[in-house]
Amino acid sequence: MANTIDTISGSSGLIAAVASILTLLTVYVAAIQISARRQLYQLGLSTNSLGKWKEKVVSGSLWVKLGLIIRIRTPSITFRQLLRNGWKPFNEDAKAPLQPISVIQNLGRMLSFPGSSSDNTPDPESLPETSWVNFLSALGIQPESGMYELQPEPELFNGIVPMRWKGSDLAALCSMFAFQTSNLKQPDPRKPMPMPSQWSGPLGVLQFRASSDGCVVEFRPRPLEGYPIQLPAETRTYYKVKLCPSVHLIRRAWQSIGGFYFGDTQGATLYLAGAPYETSAKKPLRTTEEVMEQLIAMQNPTDSELRDLVFGPDCEQWHIDGPSHDVFSESHFFGFDAYSASRRKGSNSEDRTRLTILSASPGLLHTIVEGIWAHSRGLDYRSNVHGYMREYVTPQARKQRQYPFQIGSMCMDEDLLRHLKSAMLDLKPDGFYYSPIPRMAADIDDLFQDIHSHLEYSEAHYIFHPDALHQLSAHMEGRSDLESAYNAMHVVNAIHSCARRERPNLRMEVIKLISKASMDLWTDLEPIGRDLEWALLMSPMLFEDLFKRLCASKFDFLHFMNERGCLGFATLEGDLDGYTEKVVIDNYKIPYLEGTIKPWPSRLTGVYKLKCVDAPAAVSGRTVMHAFLSLLLTYFWVTKLRISTTVAYYDLNIPISITMV
């Protein structure tokens, strides 16, 4: 009996010892795992990983500080929230000293200041290891901005605190800020977004890949700033203290899906959509015998009649919208826009002569995919939207339509002309690259094609002659109007010189310079100056005559800008059909003319047919100069420094949820 008890007691002790050893091993393994997990969290939650976001991501309780409880919260951002809170991208104090700042503070500011050099480019090793921190910094969203909500995050993703995005919100932001896709073709809405994929833009590169946890994206800031421009030191100093316009979020959002937004908070939108797939029901095919019978019945047919006989009437031959159906090639994000109106019209001469009829279409965005894009961005597409559909016709077919006004290849009625005037006068540099969709870029090419022809084929590498500028520089003291025009002319010359040398890969500071120069001119522009800028855009002959005078080597800018009435607008009644586009006469008071101009030094009067110019007034030389420069700055921004983007097309097939690490 005693032996049995001893045996049981020994066995129990042995079992207890084994259990104790196993418990110690379990505790040891658990301690190692906890230590490794804690070390992993310490790395993921460190300042090197999160930068200034650490205080927001890691909860501030005592247990968390002791490392006993890990509680993580990450920012959640939606486009509607940014729109509702009145977010201003890249918001900065434009009058702050130009000091190198940390990329954690704002990548956008780092790359934007005039006068900054490549030495200020941030060291990649100094960037936070978490890419969404760099992405938000590039957008100018700081922890103290309040443009986000914090949501709990249960686990790290490969040792990194992740940030969750809705796919449509990320696509909306990237389409606004000139990201371009690696795939040159338009995405098929019936297929999901291909993986892996890459979007590149001025702010950096987004790389998408598939994982077991869904779609993962990483952001890498762009280290290069591009080519500098050569400007006098006095011009750089002048613009250091000038205000830069802030990005208008609503205007940018409409622009990213092809809409022209004009006005302020209660503005309106002009939307020029593409052509429908089918303009009419297809007619049954004709036999060869039927075509031959019609041909025999025709007497001495012309080439146009033969073409109509074989291919159908003119109005049925041109109904395909290039941006909606054709595969287009896009240059890299800093390059010249490879897609233009001429490419949209085809390569042969007959394609290039076709015209675009724009007709009103109420409720347009309720019937096309762009309405879904507007809804996902929280834009009001149900009211104050003037929608127009387009149809491609030949010049012969256009004569039968009631669209009296033509701009480039676009034919329209007076209502659309007035909407277009309001939209174009509100289209000004806003501190970032102009980034429309390709169809909108082609329309811009149409509107600026006459200005483009004058500047593109100019042999000189400058627009305003250096001798004339040097003469003006001696008289600027105490004259703010002369100073603003003088420095704006230097900016225009510098950008034109880079464009002539085919160097469109310019630094971000160039966009800031253009925006500051444009705002400096625009704020002092008289109301009649807005009509004059529109007249210069719409009348090729008016722009050509002023261009020749203002760009002469011996032009006296001081005398011109001191003139109080060098140009006059007058609304006169009469039939204009019998007049040419320009008539040179020596009498100021002529009946049957809409507009008159009397530029210095010539005392001859140039008579121009101006469209949608309503304000009769005399225009001073200062206003003429400021309007002319403002138009040139806008031209460079929307043509030479634009980045067309197709990211908006991924709104429907991008993954619903995306993890940014």
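What comes next is a walk through the structure. (Residues numbered from 1 in each chain as written. Predicted model: local features only at pLDDT ≥ 70, side-chain atom pairs only at ≥ 80, totals over all residues. Heavy atoms only, no water.)

1. Quick word on the overall build of the protein
Applicable threshold: To qualify as a helix, a DSSP run of H or I must reach at least 4 residues; to qualify as a strand, a run of E must reach at least 2; elements of each kind are numbered from the N terminus. The classification of residues rests on relative accessible area computed with a 1.4 Å probe and restricted to protein chains. Under 20% of the type maximum is buried, over 50% is exposed, and intermediate values are partly exposed. Each accessible area value is a Shrake-Rupley result obtained with a 1.4 Å probe; residue values ignore everything except the protein chains displayed when judging cover.
On a plain count of helices and strands, the protein comes out with 27 helices and 19 strands. Evaluated residue by residue, the protein yields a buried proportion of 51% over its 661 residues. Surface summary for the protein: the accessible area is close to 31,100 Å², and the carbon and sulfur share equals 54%.

2. Some points on the sheet that holds strand β12 (residues 405-407)
Condition: DSSP-based pairing: two strands are paired if at least 2 bridges between them are found. The axes used here are C-alpha line fits, helices contributing only the stretch in contact, and every angle between their N-to-C directions lies in the interval 0 to 180 degrees.
Read from one edge to the other, the open sheet built from six strands follows the order β8-β9-β11-β10-β13-β12, with strand pairing classed as mixed. Bordering the open sheet on either side are β8 (259-262) and β12, each of which pairs with just one other strand. The sheet shows a mean angle of 25 degrees between the axes of neighbouring strands, direction not considered. Strand direction decides the pairing type here: β8 and strand β9 (residues 268-272), joined by four bridges, are antiparallel. Residue pairing for β9: Y261 is matched across the bridge by T269.

3. Focus on the sheet that holds strand β7 (residues 214-221)
In plain terms, the rule: The contact criterion used is simple: two residues touch if any of their non-hydrogen atoms lie within 4.5 Å.
Strand order in this open sheet of six strands is β3-β19-β7-β6-β5-β4, and the pairing throughout is mixed. In the strand order of this sheet, the two ends are held by β3 (163-166) and β4 (180-181), each with one partner. Pairing of strand β5 (residues 197-200) with strand β6 (residues 204-211), which is carried by four bridges, proceeds in the antiparallel orientation. Bridging across to β6, S200 finds its partner in V205. Along the sheet face, helix α7 (residues 131-139) touches β3, β6, β7 and β19 (657-660) and points at about 60 degrees away from the line of β7.

4. Comments concerning the pairing of β19
Bridge count between β3 and β19: four bridges; the pairing is antiparallel. The partner of M163 across the bridge, within β19, is M660.

5. What about the packing of helix α22 (residues 480-500) against helix α23 (residues 508-523)?
For clarity, the cut-off: Each crossing gets its hand from how the near helix is turned against the far one by less than a right angle, where anticlockwise is left-handed and clockwise is right-handed. Nonpolar residues are Ala, Val, Leu, Ile, Met, Phe, Trp, Tyr, Cys and Pro. Charged residues are Asp, Glu, Lys and Arg, and all others, Gly as well, are polar.
Where α22 contacts α23, the axes come no closer than 10 Å and their chain directions differ by 145 degrees. The handedness of the crossing between α22 and α23 is left-handed. Residues S484, A485, A488, V491 and I495 of α22 touch α23, and the partners they reach there are V510, I514, D520 and L521. Among the residues making up the contact of α22 with α23, the classes are represented as seven nonpolar, one polar and one charged.

6. With respect to the packing of aromatic side chains
The test is simple: Aromatic rings from Phe, Tyr and Trp, with only the six-membered ring used for Trp, were paired whenever their centres fell within 6.5 Å, and each pair was classed as stacked if the ring planes differed by under 30 degrees, edge-to-face if by over 60, and tilted otherwise. Placement of a positive charge over a ring is assigned whenever Lys NZ or Arg CZ falls within 6 Å of the ring centre and within 35 degrees of the normal to the ring plane.
Applying the stated criterion across every chain, the model contains 20 aromatic pairs. An angle of 80 degrees between the planes, with centres 5.0 Å apart, marks the rings of Y238 and Y239 as edge-to-face. Its relative accessible area of 10% is what places Y238 among the buried residues. Y239 sits in the buried class, given a relative accessible area of 0%. Looking at K428, its charged tip hangs above the ring of W522, at a distance of 4.4 Å from the centre.

7. Focus: a nonpolar patch on the surface
Threshold: A residue counts toward a patch only above 30% relative accessible area and without a salt bridge, and it is joined to like-charged neighbours within 9 Å or, for Val, Leu, Ile, Met, Phe, Trp and Tyr, to nonpolar neighbours within 5 Å. For this analysis, a salt bridge means a side-chain nitrogen from Lys or Arg found within 4 Å of a carboxyl oxygen belonging to Asp or Glu.
A cluster of nonpolar side chains, contributed by L14, V18, I21, L22 and L25, occupies part of the molecular surface with about 480 Å² of accessible area. Topologically, I21 is positioned in helix α1 (residues 2-44).

8. Quick notes on the pairing of strand β11 (residues 385-393)
Burial runs high along β11: seven of the nine residues are buried. Here four bridges tie β9 to β11, and the two strands are oriented parallel to one another. Across the sheet, residue T269 finds its bridge partner in β11, namely V385. Of the strand pairs in this sheet, strand β10 (residues 355-360) and β11 are connected by six bridges, and their pairing is antiparallel. Note that in β11 the partner of L358 across the bridge is R390.

9. Considerations on the pattern of salt bridges
Per the counting criterion, the structure on display carries 17 salt bridges. With a shortest N-O distance of 2.9 Å, R252 and D430 are connected by a salt bridge. Note that R252 is positioned in helix α10 (residues 249-255) and D430 in the loop between α18 (414-425) and α19 (438-447), a separation of 178 residues in sequence. Judged by relative accessible area, R252 falls into the buried class, the value being 1%. On the basis of relative accessibility, which here comes to 10%, the residue D430 falls in the buried class. By sharing partners, the salt bridges in this structure join R251, D426 and R530 into a single network.

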